[in-house]
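Descriptive structure summary
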Amino acid sequence: MTRQPGAFLALWNSISSPALQPEYETWHTMEHVPERVGLPGFIEASRYRSWEPTANGTPLYFTCYWLDSLDALDSAPYRDVFTYPTPWSARMRTGLTDFFRLPCRLGGVVGPSSASQLCTLHLHGDAAVMAAALEAALNALVARAAVVSAQWGWVSASGDFPIANRATLGSSEQGSEAVVLLQGLDRSTLSTSATQLVATLAPVAAQVSPPAFFELLSQVRQDALAPATTPPAAEAQPLQSPPTYTRQPAKTALFSSFTPGDTP
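Residues numbered from 1 in each chain as written. Predicted model: local features only at pLDDT ≥ 70, side-chain atom pairs only at ≥ 80, totals over all residues. Heavy atoms only, no water.

1. Examining the layout of surface pockets
- Computed from the structure, the largest pocket encloses a volume of approximately 440 Å³.
- Every residue lining the largest pocket is counted, 23 residues in all, and those nearest its centre are Met1, Glu44, Ser114, Gln151 and Gln183.
- The set of elements that each furnish at least two residues to the lining of the largest pocket consists of strand S2 (42-50), strand S3 (61-67), strand S4 (96-110), strand S6 (149-155), strand S7 (176-184) and strand S8 (205-221).
- Residues of the lining of the largest pocket, tallied by class, amount to 13 nonpolar, nine polar and one charged. (1 Å grid on protein atoms, 1.4 Å probe; cavity = no way out; pocket = protein on both sides within 12 Å on 5 of 7 lines; lining within 4 Å. Points joined across faces, edges and corners; volume = space filled by probe spheres on them. Helix = DSSP H or I, 4+ residues; strand = E, 2+ residues; numbered from the N terminus. Nonpolar A, V, L, I, M, F, W, Y, C, P; charged D, E, K, R; others polar.)

2. Description of the pattern of salt bridges
- One pass over the structure, following the stated rule, counts 10 salt bridges.
- The partner of glutamate 23 in a salt bridge is arginine 91, and the shortest N-O contact between them spans 3.0 Å. Of this pair, glutamate 23 sits in helix H1 (residues 21-37) while arginine 91 sits in helix H3 (residues 87-93), and the two are 68 residues apart along the sequence.
- Here arginine 49 ties to glutamate 25 by a salt bridge, and the two come within 2.6 Å at their closest N and O atoms. A residue pair is termed long-range when its members are at least 10 positions apart, and arginine 49 in strand S2 and glutamate 25 in helix H1 qualify at 24 residues.
- Exposure remark for arginine 49: the relative accessible area of 32% places this residue in the partly exposed category.
- Glutamate 25 gets classed as buried once you look at its relative accessible area, which sits at 14%.
- Several salt bridges share partner residues, and in doing so they unite Glu35, Arg36, Asp80 and Arg247 into one network. (Salt bridge = Lys/Arg side-chain N within 4 Å of Asp/Glu carboxyl O. Buried < 20%, exposed > 50% of the residue type's maximum accessible area, 1.4 Å probe, protein only.)

3. Re unusual backbone geometry
- Within the chain, aspartate 98 stands out as a residue other than glycine whose phi angle is a positive 50°.
- Tracing the chain through its elements places aspartate 98 in strand S4.
- With a phi close to 60°, alanine 145 is a non-glycine residue in the positive phi region.

Right, here's the structure in full:
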């Protein structure tokens, strides 16, 4: 990671039909995530796909956006990209299901490495007690190589967004919510580690939803993106937004290859 993050945005979703998957994968990898990562205050993003998308209602995808701070989600450029989506984003937005978005202030990082297998946990409990127990449990998992690394953060209130969150399991009216990310080398060990972590934390933290498991698909860093410049006339999109900043160019040719002559 090129800069030390202070926050992250955890985002789960599925899609409305398996037939949409090739287009979704291309759009999300090539246009949507780079567009977000190119915004001020964003650092990088990782995209994941579920091991078992039908298990426990697990969403098919998870995306983690690493941020300088949560201020990145309250900036004019960020509001602009979701208020004035590209034609492809406007089309794909209608195909998203199981959408769930949690902005998080980074609470801790354990372990210097990363791995391709990921478990996400959504917990709630007393903030002070849960933080101490979580740090101890995560350090123990990394120390014995049960997981390669772990990151966690406190869920913060989310502002207005055009797609509503799906309902969560359980209630988190009392205490504080946390999102935990466990990275591991293999599925079996990671699954066992997640089960052990939930059991260890049970006296101080309850699950809002069951653990979900994913495999890394792609990553993009802001410093790897081409500097945002005004696209050529042939690539320009009628975004209907004020020219207050320049965003990453829309992938018009790719969009047309999936929807020739179509409109969102």
